[in-house]
Amino acid sequence: QVRLAESGGGLVQAGGSLRLSCVDSGRTVRPYTTGWFRRAPGKEREFVAAIKWSGTDTDYTDSVRGRFTISRDNAKNTVYLQMNSLKPEDTAAYYCALREYGGTLYHTVDEYEYWGQGTQVTVSS
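So, how was this worked out
- Residues numbered from 1 in each chain as written.
- Predicted model: local features only at pLDDT ≥ 70, side-chain atom pairs only at ≥ 80, totals over all residues.
- Heavy atoms only, no water.
- Salt bridge = Lys/Arg side-chain N within 4 Å of Asp/Glu carboxyl O.
- Buried < 20%, exposed > 50% of the residue type's maximum accessible area, 1.4 Å probe, protein only.
- Helix = DSSP H or I, 4+ residues; strand = E, 2+ residues; numbered from the N terminus.
- Contact = heavy atoms within 4.5 Å.
- Phe/Tyr/Trp six-rings, centres within 6.5 Å; stacked < 30°, edge-to-face > 60°.
- Lys NZ or Arg CZ within 6 Å of the ring centre and 35° of its normal.
- Disulfide = S-S within 2.5 Å.

Q: Quick question: what am I supposed to make of the pattern of salt bridges here?
A: Between side chains of opposite charge, a pair can form as their charged atoms come close. Considering all chains together, one arrives at six salt bridges under this definition. In this structure, Arg65 engages Asp62 in a salt bridge whose closest nitrogen and oxygen atoms are separated by 3.2 Å. Classification of Asp62 as exposed rests on a relative accessible area of 63%. Salt bridges sharing common partners tie together Arg38, Glu46, Arg67 and Asp90.

Q: Whenever I open this one, unusual backbone geometry confuses me. Can you help?
A: Across residues other than glycine, the phi torsion is negative in most instances, and most of the peptide bonds are trans. Non-glycine residue Asn77 carries a positive phi angle of around 50°. Although it is not a glycine, Ser85 sits at a positive phi angle of roughly 50°.

Q: Can you help me understand the environment of Ala49 in this one?
A: With respect to the secondary-structure elements, Ala49 resides in strand E5 (residues 46-51). Taking the C-alpha atoms as reference, Ala49 lies 21 Å from Ala75; in sequence the two are 26 residues apart. Those residues within four positions of Ala49 in sequence are excluded, and the remaining contacts are Thr34, Gly35, Trp36, Asp59, Tyr60, Ile70 and Leu81.

Q: What's the story with the packing of aromatic side chains in this structure? I'm lost.
A: Given two aromatic rings, their pairing is described by the distance between the two centres and the angle made by the two planes. The final tally for this structure, using the stated rule, is six aromatic pairs. Summarising the aromatic geometry, the rings of Phe37 and Tyr112 are spaced 5.3 Å apart at their centres and angled 80° between planes, so their arrangement reads as edge-to-face. With a gap of 75 residues between them, Phe37 in strand E4 (residues 32-39) and Tyr112 in the loop between strand E9 (92-100) and strand E10 (114-115) connect regions that are remote in the sequence. Neither residue differs from the other here; Phe37 and Tyr112 are each classed as buried. Measuring from centroid to centroid gives 6.2 Å for Tyr112 and Trp115, while their planes differ by 65°, and the two rings are edge-to-face. Accessibility expressed as a relative area gives 25% for Trp115, which makes it partly exposed. Chaining the aromatic ring pairs together yields one cluster made of Phe37, Phe47, Tyr106, Tyr112 and Trp115. Lying over the aromatic face of Tyr95, Arg45 brings its terminal NZ or CZ to 3.9 Å of the ring centre. A cation over an aromatic ring shows up here: Arg45 above the ring of Trp115, its NZ or CZ 4.8 Å from the ring centre.

Q: What's the story with the state of the cysteines in this structure? I'm lost.
A: Think of a disulfide as a covalent bridge from one cysteine sulfur atom to another cysteine sulfur atom. Using the criterion set out here, one finds one disulfide in the structure. Cys22 shares a disulfide with Cys96; S-S distance 2.1 Å. Disulfide Cys22-Cys96: the torsion about the S-S bond is 65°, which places it as right-handed. Residue Cys22 is found in strand E3 (residues 18-26), and its partner Cys96 is found in strand E9; the two are separated by 74 residues along the sequence.

All quantities given are derived from atomic positions and should not be read as evidence of function.
The structure is reproduced here in structure tokens:
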């Protein structure tokens, strides 16, 4: 069974940085694709970034491109989301998600099989 655990959220001022981590444990079938999503209050869960198992292919939603960086350390079973130049509109609960046999980058909630519990990011103005 795949288990995902996010960490690294918190309260930060606008312009600041945070690094989120997502550790997967259990029996994970490789290769797999990992994604980050977020849900702001009153809004739907939205795609933020994704990375293939190889780590060489990534994608971002336009609103975070150039500010956020997704990366992975397969030896540690961990995917990171480095968030710089944070804005109040980045405030949301952030979730990591995983899809086994992931041969491409996935962008929608329905394409992912496993989810973490989320970590809250709050950016003050």
